[in-house]
Amino acid sequence: MAPVKAILFATLASAGLVAADGLNARAQAAGKKYFGTEISTQVLGDANANNIAKNSQDFGQYTCENEMNFNYANADKIVAQAQANGQLMRCHALVWHSQVPSWVTNGKFDNATLISIMKNHIANVVGHYKGKCYAWDVVNEALNEDGSYRTSGSIWGSTIGPAFIPIAFAAAATADPAAKLYYNDYNCDRPGSKATGAQNLIKMVKSYGAPIHGFGMQGHMTTGQVGAASQYVTNMQAFANLGVEVAYTELDIATPSSNPNFAQQATDYATIVSACKQVSACVGITTWGFTDKYTWISNSAPLIWDTSLQKKAAYNTILNTWGSSGTGTTSTSTAPAATTTSASGGGPGGCTAAHWAQCGGSGYSGCKTCEAPYTCKYSNDWYSQCL
Ligand SMILES: *[C@@H]1O[C@H](CO)[C@@H](O)[C@H](O)[C@H]1NC(C)=O
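Quick look at the structure, then. A quick note: this is a predicted structure, and the numbers were derived from the prediction, not measured.

### Regarding the state of the cysteines
And step 1. For the coordinates displayed, the defined rule picks out five disulfides.
And step 2. Between the sulfur of Cys91 and that of Cys133 lies a disulfide, 2.1 Å long from S to S. With the S-S bond torsion at -85°, the cross-link from Cys91 to Cys133 turns out left-handed. With Cys91 in strand β3 (residues 88-96) and Cys133 in the loop between α7 (111-128) and β4 (135-140), the pair connects residues that are 42 residues apart, well separated along the chain.
And step 3. On the basis of relative accessible area, Cys91 is assigned to the buried category, the value being 0%.
And step 4. Paired through a disulfide, Cys276 and Cys282 show a sulfur-sulfur distance of 2.1 Å. The sign of the -95° torsion about the S-S bond sets the Cys276-Cys282 disulfide as left-handed.

Written as structure tokens, this is what we have:
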């Protein structure tokens, strides 16, 4: 009888008559926007893993792993897959002290020049994905552990000072007025000096008159050290009181792969889901990958599917914590429609682009001639630069 049942189920499912269910379906039934995952092109190239990622009942949202930069090829593939499956994009990350190209860190730029470089980057990257991102992580990890602004090791903080943060938010708002603009950081999951620093940062951005709509808690945690949901609820509420939404943006809960404790890990995932469920300002949860086959943490098994792509104990505790699957409608995530980039070519006649500025690339419509003595050098299909 099993095959008949399976065929009947498949037919009913394709007709949309079977209750939708999964991590995302349950999150949406609980009033959230999404349950999502970080995804890389490595996953897109692994058909079995990618089939899990494509299931919008489990994942209503994707984040690209550090692939949204001036070379758009990889991230474009991820955005296309999200759009094909009706999944939202959280876009990540515009201004970070890490992974800055060496021409920027070694350029010895003055304040005004560095600001223009940063604004140019934001205008281009946000412009490229305009209309396709539910949210942008505009600034990532700008705080020290004591809640003060990071200057050491940050070209942005050391040259521009904290003002780079509101300037970045204002530039992102200009480039895509519809996207939710987030500050994103780690070790801000519980009340403490860094979380307080993040609240001060949000107030500071607002004091400059720049928009900020969300706070992303990265949520890199350790099995057995998560504790009670109440501390996470209190923390999120403190951010919500400032008028921003919150989300877990990079959740994973480490346990050693040599001696894992998947039962405790399942309890710890449930704790975070329970906390988000209790706070209306918490719009969703994104895990930093979904299978232990692809995790950034060495010798660890921090995710919801194991290395053989089988569901672990955490899967069911997350489902049960979100609660029942609701009315059984199929997923209705509302990814904004793709916008076509303006085909208007050519900048104003006779203008010149400054040293280091962009001077060409697909979708670029500014000045294409460089000021003397610089020449326009091809970097990739989307970006040429005056060098
Ligand atoms: C850099 O310029 C910005 C914008 O004028 C200003 O707000 C900021 O304080 C300046 N930073 C420094 C270190 O002078």
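Back to the text.
### Some remarks on the site of the ligand
And step 1. Contacts to the ligand come from Asn111, Ile115, Thr159, Ile160 and Ala163.
And step 2. Asn111 has a polar side-chain atom sitting 2.4 Å from an oxygen atom of the ligand.
And step 3. Ile160 has a polar backbone atom sitting 2.9 Å from a nitrogen atom of the ligand.
And step 4. Taking 360 Å² as the accessible area of the ligand by itself, protein coverage stands at 42%.
And step 5. Tallied by class, residues from the shell around the ligand come to three nonpolar, two polar and no charged.

### Some points on helix α5 (residues 73-84)
And step 1. Along its twelve residues, α5 runs 17 Å from first to last C-alpha, staying within 8% of the 16 Å computed at 1.5 Å per residue.
And step 2. Among all positions of α5, only Ala75, Ile78, Val79, Gln81 and Ala82 are buried. Projected down its long axis, α5 shows its buried positions confined to an angular sector of 160°, all on one face.
And step 3. Close packing links the buried residues of α5 with β1 (34-39), α3 (41-44), α4 (47-54), β2 (61-64) and β3.
And step 4. Phi turns positive, to about 65°, at Gly86, one or two residues after α5.

### Quick word on the sheet that holds strand β13 (residues 376-380)
And step 1. The three strands lie next to each other as β11-β14-β13, forming an open sheet whose pairing is antiparallel. Edge positions in the sheet fall to β11 (358-360) and β13, since each of these pairs with one other strand and no more. Direction aside, the axes of adjacent strands within the sheet are offset by 45° on average.
And step 2. As defined by bridge partners, β13 adjoins strand β14 (residues 383-386) across four bridges and the pair is classed as antiparallel. By the bridge assignment, Lys377 is partnered in β14 with Gln385.

### Things to note about the packing of aromatic side chains
And step 1. If you walk through the whole model with that rule in mind, you get eleven aromatic pairs.
And step 2. Ring geometry for Tyr34 against Tyr134: centres 6.3 Å apart, planes inclined by 70°, an arrangement best described as edge-to-face. In this pair, Tyr34 sits in strand β1 while Tyr134 sits in the loop between α7 and β4, placing the two residues 100 residues apart along the sequence. Accessibility assignment for this pair places Tyr34 and Tyr134 in one class, buried.
And step 3. Feature note: the residues Phe35, Phe59, Phe290, Trp305 and Tyr315 constitute an aromatic cluster, connected by ring pairs.
And step 4. The ring of Tyr186 has Lys194 lying over it, and the distance from NZ or CZ to the ring centre is 3.5 Å.
And step 5. Against the face of Tyr315 rests Lys311, its NZ or CZ located 4.1 Å from the ring centre.

### As for the nonpolar core
And step 1. The biggest cluster of nonpolar side chains holds 101 residues, and the ones touching the most others in it are Trp136, Val139, Trp156, Phe169, Tyr183, Phe215 and Tyr248.
And step 2. Counting residues per element, this core draws most heavily on helix α9 (residues 164-175), which supplies eight residues.
And step 3. The residues touching Tyr248, leaving out its near neighbours within four places in the chain, are Met217, Met221, Tyr232, Met236, Ile272, Ala275, Cys276, Cys282, Gly284, Ile285 and Thr286.

The rules we used
- Residues numbered from 1 in each chain as written.
- Predicted model: local features only at pLDDT ≥ 70, side-chain atom pairs only at ≥ 80, totals over all residues.
- Heavy atoms only, no water.
- Disulfide = S-S within 2.5 Å.
- Helix = DSSP H or I, 4+ residues; strand = E, 2+ residues; numbered from the N terminus.
- Buried < 20%, exposed > 50% of the residue type's maximum accessible area, 1.4 Å probe, protein only.
- Near = heavy atom within 4 Å.
- Polar contact = N/O pair within 3.5 Å; in protein donor to acceptor, adjacent residues only side chain to side chain.
- Areas by Shrake-Rupley, 256 points an atom, 1.4 Å probe, with all protein chains shown as cover.
- Nonpolar A, V, L, I, M, F, W, Y, C, P; charged D, E, K, R; others polar.
- Expected span 1.5 Å × (residues − 1).
- Arc of directions from axis to C-beta.
- Contact = heavy atoms within 4.5 Å.
- Pairing = 2+ DSSP bridges.
- Axes fitted to C-alpha atoms, helices over the stretch in contact; angles between N-to-C directions.
- Phe/Tyr/Trp six-rings, centres within 6.5 Å; stacked < 30°, edge-to-face > 60°.
- Lys NZ or Arg CZ within 6 Å of the ring centre and 35° of its normal.
- Core = buried A, V, L, I, M, F, W, Y, C linked by side-chain atoms within 4.5 Å.

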